[in-house]
Amino acid sequence: MIKNWIREKLIKTLDKMGIEEIPDFKVEIPLNNFGDYSSNIAFLLSKKLKQNPRNIALDISKHLLDDKEYFNKIEVAGPGFLNFFLNEKVYSEFLFFEYENPQYWKKANNKKILFEFASVNPTGPITIGHGRQAVYGDILCNIFQTRGHSVEREIYLNNAGKQIRLLGRSLWVRYNNLFKNNYDIPEGGYKGEYLIQTAKKLKDEIKDKFVDKWDSSIADFFNQYAFEAMFEGMKETFDNLSIKFNNIFKEKSLVDDGSVDKVLKELEEKNLTYESEGALWFKVSRFKDEKDKVLIKSDGYYTYYLTDIAYHINKYNRSYEKAYDILGADHVGHLDRMYAALDAFDIPESFLIFILHQYVNLKKNGEIIKMSTRAGNFETLDDLVIAVGKDATRYFFARFDPDTQMLFDIDLAKQKTNENPVFYVQYAHARISNIFKNASEKNVSFDEISTMKNLNSEEEKNLIKEIDRFEEILDSILIDYKINKLTNYLESLASFFHGFYSKHIIVDENDIKTTKERLALCKAVQNTLKGGLSLLGVSAPENM
RNA sequence: GUCCCCAUAGUUCAACGGAUAGAACAGCGGAUUCCUAAUCCGCAGAUGAAGGUUCGAUUCCUUCUGGGGAUACCA
């Protein structure tokens, strides 16, 4: 990265000047062509050296200019910015490297980490809100992977709790009503049409076997049947978005294999539980400034909290370096409770990182609607994918800062998909493919490049600078998890390319030397676009 | 009440404490004898309010206003 290169030059120079303890300074691409790159280092040193930042900057620039072959000019501007104007040689070297290493941003994987996301109640079709999380999680995993982490994607399915029992009973009602009975969906049950379809399928299989019959083993059957049916649907939805999980973890397995009981026993031994009002409580307040929470309800059933503790202990014992949980904003209350539980089992907080994202508001027929799976009134992710396609769906979700509520205008998404900027980025990629087609028709090859010194225009320099930002963007996402920086970047890169394209003829038979260098530049742009799109899980078409 | 997230152009979104706050869509005006006009160029348009910290604040702190979420023996 050019920025890092300048940074190192600066550090060396400061060292030469005898300045120790160099503060954490920045090198950035300034607005308005103040320079190719700029740094704020002089401001940060000013307090320590008790000097005017301008004088410090002047001093640094003098020392740096010993490197005549790399810097055309170094200006000190404003109150003390250092503005660097680089020699073509620098760009040429960096572009050459990127051109020769088509996947220059990839790093070897080492750290083993776990991502849990899209863990929903398997009680119905996936909503658009959860679609955001699924797409977000998948893309974040891709980025971690490409920057050197060994990532596992895991989905946790709550198939042991109250909701699954409600689902099973709701299915039973739908099934019975196919026989002209008239049972009511239970309070809080699932009223969506989709259970009628499942009930019909079940009727074909078992005929009238359970009509008007209900006991605990029949309930188990319906719970299980409904769960499997819903899960099949979920898998299909994820498949349509190319989201694949390495591990599917079922809550029930923790109950069945005794993990949950083991957790209970240990907590009791540590004297961290107590009974009250017929329920068993965990002393959360011992660890965090939070209310105590129920582990076993007075009806004898386990809470989600209890099984989730067992689940996270299980994660820890699988020896990942870190575990990331991606959750909707409605889970904020869960964070401290889970850390309290980890604390009780001597698991360091640093092991688990929560990433919260806000949910999606839907706009349909000009109205903002609230989604609710249980009311049976919601927009499914499948509908969206059918309407706008996989690429646009993934790209659209990726574009938003996860911390902000996003407004999803369904009518707009369904009608005018051309407004989606994914096409803008894809078009830049396709355009480049076409340039190569054109070049090969004119018998211009581009395989004997040794330098790129003819790429002197503003457009070309800016394009090289923009390519050079890619790795930096990816690394910053590892820190703040804002994947929208990637879509933002790709749009910007595409824009620089479109601008370059419209101003310069790339394949020019009268100037083969420049043509070859421009083709190499195009190749580097295309590789980067393709790399970014593939991290997003969006296709990079050759034609549009 | 308390806690968490958010508030930027008509709309949907950007901006690592930096210099003149960027795009896209919508609006207006242009560009194609030449590699795809799904493109490009130009015009117009914004930091919710008030304080504070700083050489410098959309960004950090406080208060207020507005939206969403949490405050379950739901998950």
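One structure accompanies this document, and this report is about it.

Calculation criteria
- Residues numbered from 1 in each chain as written.
- Chains lettered and ligands numbered in written order.
- Predicted model: local features only at pLDDT ≥ 70, side-chain atom pairs only at ≥ 80, totals over all residues.
- Heavy atoms only, no water.
- Helix = DSSP H or I, 4+ residues; strand = E, 2+ residues; numbered from the N terminus.
- Buried < 20%, exposed > 50% of the residue type's maximum accessible area, 1.4 Å probe, protein only.
- Contact = heavy atoms within 4.5 Å.
- Near = heavy atom within 4 Å.
- Polar contact = N/O pair within 3.5 Å; in protein donor to acceptor, adjacent residues only side chain to side chain.
- Salt bridge = Lys/Arg side-chain N within 4 Å of Asp/Glu carboxyl O.
- Pairing = 2+ DSSP bridges.
- Axes fitted to C-alpha atoms, helices over the stretch in contact; angles between N-to-C directions.
- 1 Å grid on protein atoms, 1.4 Å probe; cavity = no way out; pocket = protein on both sides within 12 Å on 5 of 7 lines; lining within 4 Å.
- Points joined across faces, edges and corners; volume = space filled by probe spheres on them.
- Nonpolar A, V, L, I, M, F, W, Y, C, P; charged D, E, K, R; others polar.
- Expected span 1.5 Å × (residues − 1).
- Core = buried A, V, L, I, M, F, W, Y, C linked by side-chain atoms within 4.5 Å.
- Parallel < 35°, antiparallel > 145°, perpendicular 65-115°, else oblique.
- Left-handed = near helix turned anticlockwise from the far one by under 90°.
- Patch = residues over 30% accessible without salt bridge, like charges linked within 9 Å, V, L, I, M, F, W, Y side chains within 5 Å.
- Areas by Shrake-Rupley, 256 points an atom, 1.4 Å probe, with all protein chains shown as cover.
- Lys, Arg positive; Asp, Glu negative; His and termini not counted.
- Charge placed at Lys NZ, Arg CZ, Asp CG, Glu CD.

## A look at the overall build of chain A
Stage number 1. Each helix and strand counted, chain A has 20 helices and 15 strands in total.
Stage number 2. Its C-alpha atoms put chain A at 90 × 60 × 40 Å along the principal axes.
Stage number 3. Across the 544 residues that make up chain A, the buried fraction comes to 51%.
Stage number 4. Summarising the internal contacts of chain A: among those between residues at least 6 apart in sequence, 73% fall at separations of at least 24.

## Considerations on the protein's contact with RNA strand B
Stage number 1. Surveying the vicinity of RNA strand B reveals 63 residues, the closest of which are Glu28, Gln163, Tyr427, Asn434 and Asn488.
Stage number 2. Across the atoms of RNA strand B situated within 4 Å of the protein, the share located in sugar and phosphate is 63%.
Stage number 3. Glu277 is positioned with one of its backbone polar atoms (N or O) 2.7 Å from a base nitrogen of RNA strand B.
Stage number 4. In this structure, Ser502 approaches RNA strand B through a side-chain N or O atom, which is 3.2 Å from a sugar or linking oxygen.
Stage number 5. Sorting the residues of the surface near RNA strand B by element identifies strand 4 (81-86), helix 6 (162-177), strand 10 (293-296), helix 12 (332-344), strand 15 (406-409), helix 16 (422-441) and helix 19 (484-503) as the ones contributing at least two each.
Stage number 6. Considering each element in turn, the surface near RNA strand B owes the most residues, 8 residues, to helix 16.

## Quick notes on the pattern of salt bridges
Stage number 1. Overall, the coordinates contain 22 salt bridges when judged by the stated rule.
Stage number 2. For the salt bridge of Lys315 with Asp325, the shortest nitrogen-to-oxygen distance reads 2.7 Å. Here the residue Lys315 occupies a position in helix 11 (residues 304-317), and Asp325 occupies one in strand 11 (residues 322-328), the gap between them amounting to 10 residues. Take Lys315 and Asp325: they sit in the same class, and that class is buried.
Stage number 3. A salt bridge links Lys482 to Asp403, with the shortest nitrogen-to-oxygen separation between them at 3.1 Å.

## Re the sheet that holds strand 11
Strand-to-strand pairing in sheets goes through backbone hydrogen bonds, with the strands running parallel or antiparallel.
Stage number 1. The 5 strands are arranged 7-6-5-11-12 in an open sheet whose pairing can be described as parallel. The sheet is open, and its two edges are formed by strand 7 (247-250) and strand 12 (352-357), each paired on a single side. Within this sheet the neighbouring strands show an average axis-to-axis angle of 30°, counted without direction.
Stage number 2. Pairing of strand 5 (residues 107-116) with strand 6 (residues 147-157) involves 7 bridges; the strand directions are parallel. Across the sheet, residue Glu116 finds its bridge partner in strand 6, namely Glu154.
Stage number 3. The strands touched by helix 8 (residues 216-240) are strand 6 and strand 7; relative to strand 6, the strand with the most contacts, the crossing angle is about 150°.

## A short note on the environment of Ala341
Stage number 1. Relative to the helices and strands, Ala341 is located in helix 12.
Stage number 2. Ala341 has contacts with Phe282, Tyr305 and Ile309, leaving out every residue within four places of it along the chain.

## Digging into unusual backbone geometry
Stage number 1. Residues other than glycine seldom take positive phi values, yet Ala118 does so here, at roughly 60°.
Stage number 2. Looking at where Ala118 falls in the secondary structure, it is placed in the loop between strand 5 and helix 5 (128-146).
Stage number 3. In this structure, Asp346 is a non-glycine residue whose phi angle is positive, near 60°.
Stage number 4. Tracing the sequence through the fold places Asp346 in the loop between helix 12 and strand 12.

## A short note on empty space enclosed by the protein
Stage number 1. Inspection of every chain in the model, using the stated rule, returns 1 cavity of 30 Å³ or more.
Stage number 2. Of the voids in this model, the largest cavity is the one considered here, and its volume is about 30 Å³.
Stage number 3. Along its surface, the largest cavity is lined by Glu88, Tyr91, Ser92, Met452, Leu455, Asn456 and Ile464.
Stage number 4. Broken down by element, the residue count for the lining of the largest cavity peaks at 3 residues, all from helix 4 (residues 88-100).
Stage number 5. Here the residues of the lining of the largest cavity sort into 4 nonpolar, 2 polar and 1 charged.

## Some details on helix 6
Stage number 1. With 16 residues, helix 6 should cover 22 Å at 1.5 Å per step; its first-to-last C-alpha distance of 23 Å lies within 8% of that length.
Stage number 2. Considering only its buried residues, helix 6 is in contact with helix 7 (194-206) and helix 8.

## Quick word on the nonpolar core
Stage number 1. Residues Leu10, Ile60, Phe84, Leu86, Phe115, Leu140 and Phe408 are the most contacted members of the largest nonpolar core, which totals 135 residues.
Stage number 2. With 10 residues, the single largest contributor to this core is helix 20 (residues 512-536).

## Here's the deal with the pairing of strand 15
Stage number 1. Judged by which residues are buried, strand 15 turns out to be one-sided: Met406 and Phe408 face inward and are buried, whereas Leu407 and Asp409, on the alternate face, are not.
Stage number 2. Sheet analysis places strand 13 (residues 360-364) next to strand 15, joined by 4 bridges and oriented parallel. In the strand pairing of strand 15, Asn361 is matched with Leu407.

## Focus on the side chain of Gln133
Stage number 1. Within the fold, Gln133 resides in helix 5.
Stage number 2. Excluding its chain neighbours within four sequence positions, the residues that come into contact with Gln133 are Phe117, Ala118, Ser119, Ile326, Leu327, Gly328, His357 and Tyr359.

## Focus: the packing of helix 18 (residues 470-480) against helix 19
Stage number 1. Their axes nearest at 9 Å, the elements helix 18 and helix 19 cross at an angle of 165°. Comparing the axis directions of helix 18 and helix 19 gives the class roughly antiparallel. As helix 18 runs across helix 19, the sense of the crossing is right-handed. When helix 18 is examined against helix 19, the residues Phe470, Ile473, Leu474, Ser476, Ile477 and Asp480 are found in contact with a partner set consisting of Lys485, Leu486 and Tyr489.
Stage number 2. A breakdown of the residues in the contact of helix 18 with helix 19 according to their chemical character gives 6 nonpolar, 1 polar and 2 charged.

## What to know about a positive patch on the surface
Stage number 1. A grouping of Lys180, Lys200, Lys203 and Lys207 is seen on the molecular surface, where their side chains present a positively charged patch.
Stage number 2. Along the chain, Lys203 falls in helix 7.

Interpretation in functional terms is not warranted from these geometric data alone.
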